[in-house]
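# Examining the three-dimensional arrangement
Each chain, letter by letter, is given below.
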Amino acid sequence: MKIVKEINSYCPKCNKHTPHTVKLYAKGAMRGTDIGNRRRARKLKGYVGKVKGQASVKKLAKKQKILLTCKVCKYTLERVVGSRTKKRLEFNMETA
Ligand SMILES: [Zn+2]
């Protein structure tokens, strides 16, 4: 999926449409020893009955996210582009 490097979009801080720079969203590495991860592992281990939090349906693809940074006030917001897709986002080099 191709996107452009600059978008004219609404900025909630400036309260109007301003030019935004587009950056691809990259999720950071997860720590296995986080309290949330430990609690989840304990819950999934289970003891009796239904195991809470275990997904019965596996989602086939991730939603693609971009980061928009306002050029006027440098405020950054996330945006989901399109729906679930296996295709990676990339910049359209022809127009940029
Ligand atoms: Zn702004």
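From a predicted model like this one, the values you see are computed outputs, not experimental measurements. (Residues numbered from 1 in each chain as written. Predicted model: local features only at pLDDT ≥ 70, side-chain atom pairs only at ≥ 80, totals over all residues. Heavy atoms only, no water.)

Attention now goes to the coordination of the zinc ion. Geometry reference: four tetrahedral donors at a metal, ideal angle 109.5 degrees. Six octahedral donors, ideal angles 90 or 180 degrees. Protein coordination at the zinc ion: the donors are Cys11 (SG), Cys14 (SG), Cys70 (SG) and Cys73 (SG), at 2.2 to 2.4 Å from the metal. For the zinc ion, the four donor atoms in the first shell make angles of 104 to 119 degrees at the metal, so the coordination geometry reads as tetrahedral. We note that the donor set of the zinc ion lies within a single chain, spaced as C-x2-C-x55-C-x2-C. Taken together, the residues span a long stretch of sequence, with Cys11 in strand 2 (residues 6-11) and Cys70 in strand 4 (residues 63-70) at a distance of 59 residues. Taken individually, Cys11 and Cys70 each receive the classification buried, so the pair is uniform in this respect. (Donors = N, O, S within 2.8 Å, 3.2 Å for Na, K, Ca; no water. Tetrahedral: all angles 85-135°; square planar, octahedral: opposite > 155°, others 65-115°. Helix = DSSP H or I, 4+ residues; strand = E, 2+ residues; numbered from the N terminus. Buried < 20%, exposed > 50% of the residue type's maximum accessible area, 1.4 Å probe, protein only.)

Glancing now at the sheet that holds strand 3 (residues 16-24). The antiparallel open sheet is built from four strands, whose spatial order is 2-3-4-5. The open sheet has two edge strands, strand 2 and strand 5 (76-84), and neither has a second partner. The mean angle between the axes of side-by-side strands here comes to 45 degrees, regardless of whether they run parallel or antiparallel. Relative to strand 5, strand 4 runs antiparallel, the two sharing seven bridges. When the sheet's bridge partners are listed, Lys63 is paired in strand 5 with Arg84. (Pairing = 2+ DSSP bridges. Axes fitted to C-alpha atoms, helices over the stretch in contact; angles between N-to-C directions.)

So, on to the environment of Leu44. Looking at the element boundaries, Leu44 is found in helix 1 (residues 35-45). Relative accessible area serves as the criterion here: at 27%, Leu44 is assigned to the partly exposed category. Taking the C-alpha atoms as reference points, Leu44 and Gln54, separated by 10 residues in sequence, lie 6.7 Å from one another. Setting aside residues up to four positions removed in sequence, Leu44 forms contacts with Val51, Lys52, Gly53 and Gln54. (Contact = heavy atoms within 4.5 Å.)

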